[in-house]
Amino acid sequence: MHDTLWFLFHNDKLILCQASEERLALPSVQQAEMLKSLVVGTIHRFALLEGGEAYAAAVQLDNTLPEGFVLMGLRDAYDYLPYLHYKYGGRAYELLYWDSHTRFCPVCGSPTQHLEAIMKKCPSCKHELYPPIATATIVLVRRGDEALLVRARNFRGSHYGLVAGFLEPGETLEECVAREVMEETGLRICNIRYFGNQPWPYPCGLMIGFTADYESGEIAIQAEELSTAAFFRRDNLPELPRKLSIARQLIEAWKRGDIA
Ligand SMILES: [Zn+2]
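Read on for an overview of the structure. (Residues numbered from 1 in each chain as written. Predicted model: local features only at pLDDT ≥ 70, side-chain atom pairs only at ≥ 80, totals over all residues. Heavy atoms only, no water.)

### Observations regarding the coordination of the zinc ion
Each donor-metal-donor angle in an ideal tetrahedron of four donors is 109.5 degrees, and each such angle in an ideal octahedron of six donors is either 90 or 180 degrees. Donor atoms from the polypeptide that coordinate the zinc ion comprise Cys105 (SG), Cys108 (SG), Cys122 (SG) and Cys125 (SG), at 2.3 Å from the metal. Considering all 4 donor atoms around the zinc ion, angles at the metal cover 98 to 118 degrees and the coordination shape is tetrahedral. Here the donor residues of the zinc ion share one chain and are spaced in sequence as C-x2-C-x13-C-x2-C. (Donors = N, O, S within 2.8 Å, 3.2 Å for Na, K, Ca; no water. Tetrahedral: all angles 85-135°; square planar, octahedral: opposite > 155°, others 65-115°.)

So this is what it looks like as structure tokens:
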């Protein structure tokens, strides 16, 4: 039997049902029916690669949620939902974000028309709008048996992470990686290799992971972006990013010695 998943968001919070004292889950089809009267705007439908379908909609809650439901940010929902539900929750969120940010044509200001699942068109100037993807790179830099970890000023919490940044127009991904490492830490790197990628729906990113080796230079941090940058050994690691992130997957792969 194929799943039907319902992703109902109030602002940037997902509605989950309290399946038991400790267990949270997406609302069932019946529960989603109960909440449908709160939906504002379009109900988006998309197919699941594994079979089945999903619906995404925004709800407006005037007071509180009906009994038995809770609101939760998508990142936190990672700890409660099956991975596929978390992943498709990201897709649902990106669709809703795109929908709410493309009500008017950015060229001429006319109201847009929603013509296909992920295409809108301006009836006046014919400009077409698709969901934007903001591409960013993230890199684990090795120096001998150490890895470069940084603390960004915008990190929530006290963990360390990896150098990361947005792709700029006209850049290759490898150029982006080298530039970000140089800008943030003053280091030159080599052997930049693809590792993997991850949709990062906060709000519409794609994070592309790389590994690299230290080549030369002394650490000189970019103070507006970072508070610390240093090389760490496996046996002396600081607090790491959460398991849901590709940053953590890169660090775990390096810890296991899986990076060639
Ligand atoms: Zn227009």
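The structure having been displayed, the exposition proceeds.
### A word on unusual backbone geometry
Cis geometry is adopted by the peptide bond preceding Pro203, which originates at Tyr202 and carries an omega value of 5 degrees. Even without being a glycine, Lys126 presents a positive backbone phi close to 70 degrees. Among the secondary structure elements, Lys126 is positioned in the loop between strand E8 (119–121) and strand E9 (128–129). Given a relative accessible area of 52%, Lys126 falls into the exposed group. (Helix = DSSP H or I, 4+ residues; strand = E, 2+ residues; numbered from the N terminus. Buried < 20%, exposed > 50% of the residue type's maximum accessible area, 1.4 Å probe, protein only.)

### Describing the side chain of His159
Position of His159 among the secondary structure elements: in the loop between strand E11 (146–152) and strand E12 (163–166). The class of His159 is buried, set by a relative accessible area of 15%. Those residues in contact with His159 that lie beyond four places of it in its chain are Arg151, Glu239, Leu240 and Pro241. (Contact = heavy atoms within 4.5 Å.)

### Quick look at helix H5 (residues 246–255)
The element H5 is largely enclosed, with a buried count of 7 among its 10 residues. Among the residues of H5, those classed as buried are Ile246, Ala247, Arg248, Leu250, Ile251, Ala253 and Trp254. The elements touched by buried residues of H5 are strand E10 (134–143), E11, strand E13 (188–200), strand E14 (205–216) and strand E15 (226–233). Among the residues trailing H5, Gly257 stands out with phi positive, at a value near 80 degrees.

### Some words on the pattern of salt bridges
Across all of its chains, the model carries 18 salt bridges by this definition. Between Glu53 and Arg45 there is a salt bridge, with its nearest N and O atoms 2.7 Å apart. Exposure remark for Arg45: the relative accessible area of 45% places this residue in the partly exposed category. Salt-bridge contacts for Arg256 lead to Asp258; the nearest nitrogen and oxygen are separated by 2.8 Å. In this pair, the class of Arg256 matches that of Asp258, namely exposed. (Salt bridge = Lys/Arg side-chain N within 4 Å of Asp/Glu carboxyl O.)

### Details of the environment of Asp99
Within the fold, Asp99 resides in helix H3 (residues 83–100). Asp99 sits in the buried class, given a relative accessible area of 14%. Measuring from C-alpha to C-alpha, the distance between Asp99 and Arg45 comes to 13 Å, with 54 residues separating the pair along the chain.

### Quick look at the packing of aromatic side chains
Enumeration over the complete set of coordinates arrives at 10 aromatic pairs. Pairing Tyr78 with Tyr86 gives two aromatic rings, centres 5.1 Å apart and planes at 80 degrees, and the pair type is edge-to-face. Tyr78 sits in the partly exposed class, given a relative accessible area of 23%. Ring centres 6.1 Å apart and planes at 75 degrees place the aromatic pair Tyr194 and Phe210 in the edge-to-face group. Placement of the pair is Tyr194 in strand E13 and Phe210 in strand E14, with a sequence separation of 16 residues. (Phe/Tyr/Trp six-rings, centres within 6.5 Å; stacked < 30°, edge-to-face > 60°.)

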